[in-house]
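# Structural features, examined
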Amino acid sequence: MNWLDEICWDASGLVPAIAQEAGSKDILMVAWMNRQALQRTLELGEAVYWSRSRKRLWHKGEASGHVQKVESIRLDCDGDVVLLTVRQLGHDPGIACHTGRHSCFFRELRQGEWTTVESVLKDPEQIYT
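So, here is what we can say about the structure in this document. Predicted model only: the values in this text are computed from it and were never measured.

## A few points about the overall build of the protein
Scanning the protein for helices and strands turns up two helices and eight strands. In terms of overall dimensions, the protein has C-alpha extents of about 45 × 35 × 30 Å along its principal axes. Out of the 129 residues belonging to the protein, those deemed buried represent 37%. Nonlocal contacts in the protein, meaning residues at least 24 apart in sequence, comprise 43% of its contacts between residues at least 6 apart. Averaging the locations of the 15 positively and 18 negatively charged side chains of the protein gives two centres separated by 4 Å.

Now the structure itself:
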């Protein structure tokens, strides 16, 4: 059996993928992968996702330079979530979010309201020129 066949792909042929920073263990982002994205990730050693909005493969960092070097690929117990341990490159500290922040999880629920708890490290206008 091919290792890709052991993944429980959804009806659209996708699986959620969590990117976790190797050093800090921060959860940087959640994206989607199809079979080709996961295969390319393994081949390149860099994260490649499936962009649902663009309907195409998306090599993380292709526009921003914020590449994710993959250190390990794990599959959860149900086979329906992939965990990538990555080194976030392109800026120090690493920027994973298109908003210019370290992590996409920059809002925290505080007293019934979403509060921004991470600052912008680099203006997105300077990243995506």
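On we go.
## Here's the deal with helix α1 (residues 35-44)
Where α1 is concerned, the buried positions are Ala-37, Leu-38 and Thr-41. Down the axis of α1, the buried set is contained in an arc of 95 degrees. They therefore lie on one face. Contact partners of the buried residues in α1: β2 (27-33), β3 (48-51), β4 (56-59), β5 (68-75) and β6 (82-88). Sitting at the head of α1, Asn-34 places a side-chain oxygen 3.2 Å from the backbone nitrogen of Gln-36. Note on α1: the residue one or two positions beyond its end, Gly-45, has a positive phi of about 75 degrees.

Conventions used here
- Residues numbered from 1 in each chain as written.
- Predicted model: local features only at pLDDT ≥ 70, side-chain atom pairs only at ≥ 80, totals over all residues.
- Heavy atoms only, no water.
- Helix = DSSP H or I, 4+ residues; strand = E, 2+ residues; numbered from the N terminus.
- Buried < 20%, exposed > 50% of the residue type's maximum accessible area, 1.4 Å probe, protein only.
- Contact = heavy atoms within 4.5 Å.
- Lys, Arg positive; Asp, Glu negative; His and termini not counted.
- Charge placed at Lys NZ, Arg CZ, Asp CG, Glu CD.
- Arc of directions from axis to C-beta.
- Polar contact = N/O pair within 3.5 Å; in protein donor to acceptor, adjacent residues only side chain to side chain.

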